[in-house]
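Residues per chain are reported as follows:
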Amino acid sequence: MSTTAPTGRPPAWFRSSYSNGAGGECVECAFRDDGIRIRDSKDVEGAVITVGQEAWAPFVGTLHLG
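In every chain, residue numbers begin from 1 and rise along the written sequence. Residue-level local features of this predicted model are given only where pLDDT is at least 70; pairs of side-chain atoms are given and counted only at 80 or more, and the full residue set underlies all totals for whole chains, interfaces and linings. Think of the side-chain values as coming from all heavy atoms in the structure, minus any hydrogens and water.

Engineer: Help me understand the overall build of the protein chain in this model?
Structural biologist: Secondary structure counts use DSSP, requiring at least four H or I residues in a row for a helix and at least two E residues in a row for a strand, with both numbered from the N terminus. A count of helical and extended segments in the protein chain gives 1 helix and 4 strands. Along the chain direction, N to C, the helices and strands of the protein chain fall in the order β-β-β-β-α. A simple rule labels every residue: compare its accessible area, found with a 1.4 Å probe on the protein chains alone, to the largest value its type can have, and call it buried under 20%, exposed over 50%, or partly exposed in between. Across the 66 residues in the protein chain, those meeting the buried criterion constitute 24%. A contact between two residues is defined here by any heavy atoms of the two lying within 4.5 Å. Considering only residue pairs separated by 6 or more positions, the protein chain has 27% of its internal contacts joining residues 24 or more positions apart. Computed with a 1.4 Å probe, the accessible areas rest on the Shrake-Rupley method; for each residue, only the protein chains presented here act as cover. As displayed, the protein chain offers around 5000 Å² of accessible surface, 57% of which is attributable to carbon and sulfur atoms.

Below, the structure is given as structure tokens:
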């Protein structure tokens, strides 16, 4: 996992289809060559976490089970 700031071309951020925009807690994600970037949707200038595909796939798979 990395917490470095994004560099180069800006990532294409997206939110979950379950996000309703009503001010609840939400994260935004962006797929990049170096991994999946994650940030707080209410603090887009804040920290960005980058995780590798090997961590992302099991995480998303677990969410689908719930």
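Engineer: Any chance you could explain the sheet that holds strand 3 (residues 35-40) here in plain terms?
Structural biologist: What holds strands together in a sheet is hydrogen bonding between their backbones, with the strands either parallel or antiparallel. DSSP-based pairing: two strands are paired if at least 2 bridges between them are found. Spatial ordering of the open sheet is given by 1-2-3-4, a layout of 4 strands whose pairing is antiparallel. For this open sheet the edge positions go to strand 1 (14-15) and strand 4 (49-51), each flanked by a neighbour on one side alone. Where strand 1 lies against strand 2 (residues 27-32), 2 bridges are found, and the strand directions are antiparallel. Each bridged residue has a counterpart across the sheet, and for arginine 15 the counterpart in strand 2 is glutamate 28.

Engineer: Help me understand the nonpolar core in this model?
Structural biologist: Where a protein is soluble and globular, its nonpolar side chains tend to be buried together. By nonpolar core we mean a set of buried residues, namely Ala, Val, Leu, Ile, Met, Phe, Trp, Tyr and Cys, connected to one another through side-chain atoms within 4.5 Å. Cys29, Ile36, Ile38, Val51 and Trp56 together form the largest nonpolar core, which totals 5 residues. Residues in contact with isoleucine 38, not counting those within four places in the same chain, are Trp13, Val27, Glu28, Cys29, Ala47, Val48, Ile49, Val51 and Trp56.

Engineer: What is the right way to look at the environment of valine 48 in this model?
Structural biologist: Here valine 48 is to be found in the loop between strand 3 and strand 4. You can call valine 48 buried: its relative accessible area is 5%. Each C-alpha atom of the pair valine 48 and cysteine 29 lies 9.5 Å from the other, and the pair is 19 residues apart in sequence.

Engineer: Just checking my understanding: could you explain the pattern of salt bridges for this structure?
Structural biologist: For side chains bearing opposite charge, pairing can occur when the charged atoms are close. Salt bridge, as applied in this entry: a Lys or Arg side-chain nitrogen positioned within 4 Å of an Asp or Glu carboxyl oxygen. Applying the stated rule across the entire model yields 4 salt bridges. Between arginine 39 and glutamate 28 there is a salt bridge, with the nearest N and O atoms lying 2.7 Å from each other. Taken as a pair, arginine 39 in strand 3 and glutamate 28 in strand 2 lie far apart in primary sequence, 11 residues in all. Both residues of the pair, arginine 39 and glutamate 28, belong to the buried class. Among the salt bridges present, the one from arginine 37 reaches aspartate 34, with a minimum N-O distance of 2.9 Å. Look at aspartate 34 and you get partly exposed, because its relative accessible area is 46%.

Engineer: What is the right way to look at the confidence of the model for the protein chain in this model?
Structural biologist: A low pLDDT score tells you not to read the predicted coordinates there in detail. Mean pLDDT over the protein chain stands at 81; residues scoring 70 or higher make up 76%. For every residue, the predictor reports its confidence as pLDDT, a number between 0 and 100. Here helix 1 (residues 53-65) is the element of the protein chain with the lowest mean pLDDT, 86, and strand 4 is the one with the highest, 94.

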